Amino acid sequence: MNKLLQRQLKRVQRKHSTPEDQLDALIQVIDSYYEESDRARRKKDRSVSLMSEELLELNKKILAKSEAYISAIMENVADGIIITQDTYEISSFNQAAEQMFGYLKEDINVLSFEKLLSEESLEKFSGIKEAYSQSEFFQLEGTELELYGKARNGREFPMEISINPVSIDDEGFFLMILKDISRRKRYQAELMEAKVKAEIAAEEKTRFLSNMSHEIRTPMNAVIGLTNLLIENDPRDDQKEMLRTINFSGNNLLVIINDILDFNKIDAGKVELESIPFSLKEISGSIRSALMPKAADKGIDLSFEMDANLPSQLKGDPVRMSQILTNLVNNAVKFTLEGGVRFIVKEKGRTEDKVELYFAVQDTGIGIPEDKLDHIFESFSQSNSNTTRKFGGTGLGLAICKELVDLHGGELKVSSQLGKGSTFYFTLEFPLIELDSPSQQQETIKKDKKIVFSGLEGLNVLLVEDNKINQMVASRYLKKWKISYQIANNGVEACDKILVERFDIVLMDLHMPERDGYEATRVIRANQEAYYKEVPIIALTASVVGDINREVQEAGMNAYVSKPFQPADLYSTMLRQLGVKV
Ligand code: ADP
């Protein structure tokens, strides 16, 4: 029996003597227990019900709050948000979308998303719909694309849209996020316009430079050409001196023009390196003959220290290599007042088909201040503002050298101490050439020799040139070399003349009225007779902008000589065209 009941029984037996009284008393005790437990249960029920009401209320509040959050996000984002059913009927639309399309929330319940697209975009969108209809909704992937939206007032505007298929409890809908990109598109269009304008300006700059170079070189041709002729005509000693100065200044001016043109060409990324056999010895030889007199005049040494076992022939771009090295040696001589300049070439390594060479130009000159070392390779930069006054120069030489060494795959560096001297150095790799035939060797040696003006006597040349002074300069030389000639004043005359007379060589100016040199060459080459296909045509041009070499070859010419021409250059080019090895 329950202990509590036993205790109550004992208490009842103690208080009451008869069994009836005891039973009554016991029943009362039990009743009162029941009542008490009833009261407690009712109280508990009441508090449980109160608590669940509170919980419900709380739940409602949380729900309302999260809805408020979602709607605040929906209404405050800058992007338009549209929710559609899987049939593309719109079911929800935020404020940004409202502003974008000019529809109110009330209007959209019956609206299909397609109503918001321009005619043109409808087609694009139907493609997406078509693709989406091929798979189960829950397998669809989001898409991002650009479409044209159409507002209620008919305004069409570009928009970026991301379509996100969402499925919740087997129910599918699309969440579309839209961005009006009219402004971005406008900026893009403006940028494109600016880019096109900049490109046109760059082209115009190149054309302008090409024209200017032609215009400047043509009178320079007269100055240098006629000075050369006068020098060769036994002038008096005092005249000789002045003529040499005119010649020197003319050539200097040409170097400056060439620098500016070259820089422009490199800047426009239009320089392509050649890959032909050349001899470093030949290059150092021509640097020596060009700059030795200048060094001797200044009373400084100029030494050439090249490893004895350097390959006699390398493959590369001799013109550009010579340009780099001449520039560095010229600077070194220019900026050295006492002491000397060393031109050093060392072999750093060699494999079966490549050789790595170290080039350095070392001087004991004025040096470069440390804080200027980084800047001297920039265009138009000089280490000191009075450099131009004292030493001359444009500040372009090193910028060009640096770019050219870069193009060769190396890096031009400098170390210098103010007042002590500077060293410019770089390392390059060159493919090796097998030198197996002795004739090749001989050719190299021959090239070192000075040209002798013989071998062209009695030739018959057609000189095609519109400029009277250029005609005079060129014809004086032709006469001097005992070459007979005819002059054609333009391309049309040239084509007529060559039909009635056979010439051994044609010297062809490029820029001429009526028919230019390119066109005239094409007409001549188009003639079926073998002679017209074979007669050597040498371009004589004052223009050095663009890839002249390729252009003249494409037109059917055999070679070109730039004006003002060096007499030896023109002579040897003509000899070469006649098959004489020079
Ligand atoms: P430029 O010689 O025509 O002024 P460069 O581009 O060749 O232009 O050289 C830029 C500047 O670098 C020079 O003006 C000079 O201040 C400095 N520089 C170049 N080479 C030397 C050198 N060997 N010694 C001292 N300064 C030099």
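Everything below is about the structure printed above this text.
Just so it is clear, the model here is predicted, and its values are computed rather than measured. (Residues numbered from 1 in each chain as written. Predicted model: local features only at pLDDT ≥ 70, side-chain atom pairs only at ≥ 80, totals over all residues. Heavy atoms only, no water.)

## Digging into helix 6 (residues 182-232)
Between its first and last C-alpha atoms helix 6 spans 73 Å; for 51 residues at 1.5 Å apiece the expected length is 75 Å, and the two agree. Of the residues flanking the end of helix 6, it is D234, one or two places downstream, whose phi is positive at about 55°. (Helix = DSSP H or I, 4+ residues; strand = E, 2+ residues; numbered from the N terminus. Expected span 1.5 Å × (residues − 1).)

## So, the packing of aromatic side chains
Counting across every chain of the model gives 17 aromatic pairs. An angle of 70° between the planes, with centres 5.9 Å apart, marks the rings of F278 and F430 as edge-to-face. Within this pair, whereas F278 is found in strand 6 (residues 276-278), its partner F430 is found in strand 12 (residues 421-431), the two being separated by 152 residues in sequence. The same class applies to F278 as to F430, namely buried. Over the ring of F377 we find K402; its NZ or CZ atom is 5.4 Å from the centre of that ring. (Phe/Tyr/Trp six-rings, centres within 6.5 Å; stacked < 30°, edge-to-face > 60°. Buried < 20%, exposed > 50% of the residue type's maximum accessible area, 1.4 Å probe, protein only. Lys NZ or Arg CZ within 6 Å of the ring centre and 35° of its normal.)

## Overview of a negative patch on the surface
A cluster of acidic residues, D86, D169, D170 and E171, forms a negative patch on the protein surface. Position of D169 relative to the elements: it lies in the loop between strand 4 (156-168) and strand 5 (171-180). (Patch = residues over 30% accessible without salt bridge, like charges linked within 9 Å, V, L, I, M, F, W, Y side chains within 5 Å. Areas by Shrake-Rupley, 256 points an atom, 1.4 Å probe, with all protein chains shown as cover. Salt bridge = Lys/Arg side-chain N within 4 Å of Asp/Glu carboxyl O. Lys, Arg positive; Asp, Glu negative; His and termini not counted. Charge placed at Lys NZ, Arg CZ, Asp CG, Glu CD.)

## Some remarks on the pattern of salt bridges
Taken as a whole and assessed by the stated rule, the structure comprises 22 salt bridges. Of the charged contacts, one joins E114 and K129 as a salt bridge, the two residues approaching to 2.6 Å between their closest N and O atoms. In this pair, E114 is assigned in the loop between helix 4 (105-108) and helix 5 (119-133) and K129 in helix 5, connecting sequence segments 15 residues apart. Overall, the relative accessible area of 21% leaves E114 in the partly exposed class. For E554, the salt bridge goes to R550, with nearest N and O atoms at 3.2 Å. Taken together, the residues span about one helical turn, with E554 and R550 both in helix 17 (residues 548-555) at a distance of 4 residues. Counted as one network, the salt bridges with shared partners bring together D38, R41, R42 and D45.

## Overview of the environment of Q313
Among the structural elements, Q313 can be located in the loop between strand 7 (301-306) and strand 8 (314-316). Residues Q313 and L145 lie 168 residues apart in sequence; the distance between their C-alpha atoms is 59 Å.

## Here we look at the packing of helix 8 (residues 280-298) against helix 9 (residues 318-334)
Helix 9 packs onto helix 8 with a crossing angle of 20° between their chain directions and a minimal axis gap of 10 Å. If you check the angle between helix 8 and helix 9, you find them roughly parallel. The two elements helix 8 and helix 9 meet at a crossing, and its hand is right-handed. On helix 9, the residues touching L280, I283, I287, L291, K294, A295 and K298 of helix 8 are P318, M321, S322, L325, T326, V329, N330, V333 and K334. (Axes fitted to C-alpha atoms, helices over the stretch in contact; angles between N-to-C directions. Parallel < 35°, antiparallel > 145°, perpendicular 65-115°, else oblique. Left-handed = near helix turned anticlockwise from the far one by under 90°. Contact = heavy atoms within 4.5 Å.)

## Notes on unusual backbone geometry
Phi at D169 takes a positive value of approximately 45°, unusual for a residue other than glycine. With a phi angle near 60°, K482 is a residue other than glycine that sits in the positive phi range. Topologically, K482 is positioned in the loop between helix 13 (468-480) and strand 14 (484-488). On the basis of relative accessibility, which here comes to 58%, the residue K482 falls in the exposed class.

No statement about biological role is implied by the geometric values presented.
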